[in-house]
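# Understanding the architecture of this molecule
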Amino acid sequence: MIVEVDPGSAVPVFEQLRSQIERLILAGQLEAGHQLPAIRHLAADLGLARGTVAKVYEVLARDGLVVADGRHGTVVAARPAPQHARHVQTTLAEAVGQLALLSRQLGVGAADVHAALAEALGAPIPQDRRAQTP
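### Observations regarding the packing of helix α2 (residues 39-46) against helix α3 (residues 50-62)
Think of two packed helices as two axes; the pair is described by the angle between the axes and how far apart they sit. Running from N to C, α2 and α3 point in directions that differ by 120°, and their axes come no closer than 8 Å. With respect to their mutual orientation, α2 and α3 come out oblique. In this structure, α2 crosses over α3, and the sense of that crossing is right-handed. On the side of α2, the interface is formed by I39, R40, L42 and A43, while α3 contributes R50, V53, A54 and Y57. Here the contact of α2 with α3 is composed, by residue class, of six nonpolar, no polar and two charged.

### A word on the side chain of Q16
Counting through the fold element by element, Q16 comes out in helix α1 (residues 13-26). Its relative accessible area of 10% is what places Q16 among the buried residues. Setting aside its immediate chain neighbours within four residues, Q16 contacts E4, V5, D6, S9 and V11.

### Focus on the pattern of salt bridges
One pass over the structure, following the stated rule, counts four salt bridges. Salt-bridge contacts for R18 lead to E22; the nearest nitrogen and oxygen are separated by 3.2 Å. Within this pair, R18 and its partner E22 are both found in helix α1, separated by four residues, close to a single helical turn. Residue R18 is classed as buried on the basis of its relative accessible area of 14%. A salt bridge links K55 to E58; the shortest N-O distance between them is 3.3 Å. Taken as a pair, K55 and E58 lie in helix α3 at a separation of three residues, close to a single helical turn.

### Some words on the packing of α1 against α3
Contact pair α1 / α3: the axes reach a minimum separation of 10 Å and the direction vectors enclose 45°. Classified by the angle their axes make, α1 and α3 are oblique. You can see that α1 and α3 cross each other, and the crossing is right-handed. Of α3, the residues touching α1 (which contributes V13, F14, L17, R18, I21 and E22) are T52, V53, K55, V56, Y57, V59 and L60.

### Here's the deal with the nonpolar core
In a soluble, globular protein the nonpolar side chains are often hidden away together inside. Residues L17, I21 and L42 are the most contacted members of the largest nonpolar core, which totals 20 residues. Listed by contribution, the elements that provide at least two residues to this core are α1, α2 and α3. At five residues, the largest contribution of residues to this core is made by α1. Excluding anything up to four places from it in sequence, L17 contacts V3, V5, L42, L46, L48, V53 and V56.

The rules behind each value
- Sequence order as written defines the numbering, with residues in each chain counted from 1.
- In view of the model being predicted, local features appear only for residues whose pLDDT reaches at least 70, and side-chain atom pairs are presented and counted only at 80 or more, with totals across whole chains, interfaces and linings using the full set of residues.
- To obtain the side-chain values, all non-hydrogen atoms of the structure were included, while hydrogens and water were left out.
- Here an axis means a line fitted to C-alpha atoms, over the contact stretch when the element is a helix, while the angle between two N-to-C directions is reported on a 0 to 180 degree scale.
- Runs of H or I in DSSP of at least four residues are treated as helices and runs of E of at least two as strands, each being numbered from the N terminus.
- Any angle from 65 to 115 degrees is called roughly perpendicular, while one under 35 is roughly parallel, one over 145 is roughly antiparallel, and all others are oblique.
- Should the near helix be turned anticlockwise from the far one by less than a right angle, the crossing is left-handed, and should it be turned clockwise, the crossing is right-handed.
- Contacts between residues were defined by any pair of non-hydrogen atoms, one from each residue, lying within 4.5 Å.
- All residues other than Ala, Val, Leu, Ile, Met, Phe, Trp, Tyr, Cys, Pro, Asp, Glu, Lys and Arg, Gly among them, are scored as polar; the first ten of these are nonpolar and the last four charged.
- Note on classification: 1.4 Å probe, protein chains only; a residue is buried when its accessible area is under 20% of the maximum for its type, exposed when over 50%, partly exposed between these limits.
- Basic side-chain nitrogens of Lys or Arg form a salt bridge, by our definition, when they fall within 4 Å of a carboxyl oxygen of Asp or Glu.
- To define a nonpolar core, start from buried Ala, Val, Leu, Ile, Met, Phe, Trp, Tyr and Cys residues and group those joined through side-chain atoms within 4.5 Å.

Such coordinate-based values are descriptive only and should not be taken to indicate function.
Next comes the structure, spelled out in structure tokens:
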């Protein structure tokens, strides 16, 4: 599982971690039955307090995304309910809206935004988009 937290971000580290794990589960990158790292290991890897990671796991369990299995750890629950799929679409739409607003504020053209997004996703940049400007 690959997650990162930025202590300098305006977003609390709890929320950064919770939302990243949630997205990994909802996107299917963490499949049902996948065991999450032990709380102490993830906390040590990320430089967080154990209580912060424990609270993240607790919230994910409350939301039905993971199941705490006592001494056997925390595992990803069976496929999330349909409302989670809608949540993914809503979250993606919000993120795209924020990207669009930021690009307008910075004066960045659509072609450059497309190129940056394609690069971030590891996708090839379409030939017709490479040299365009707004």
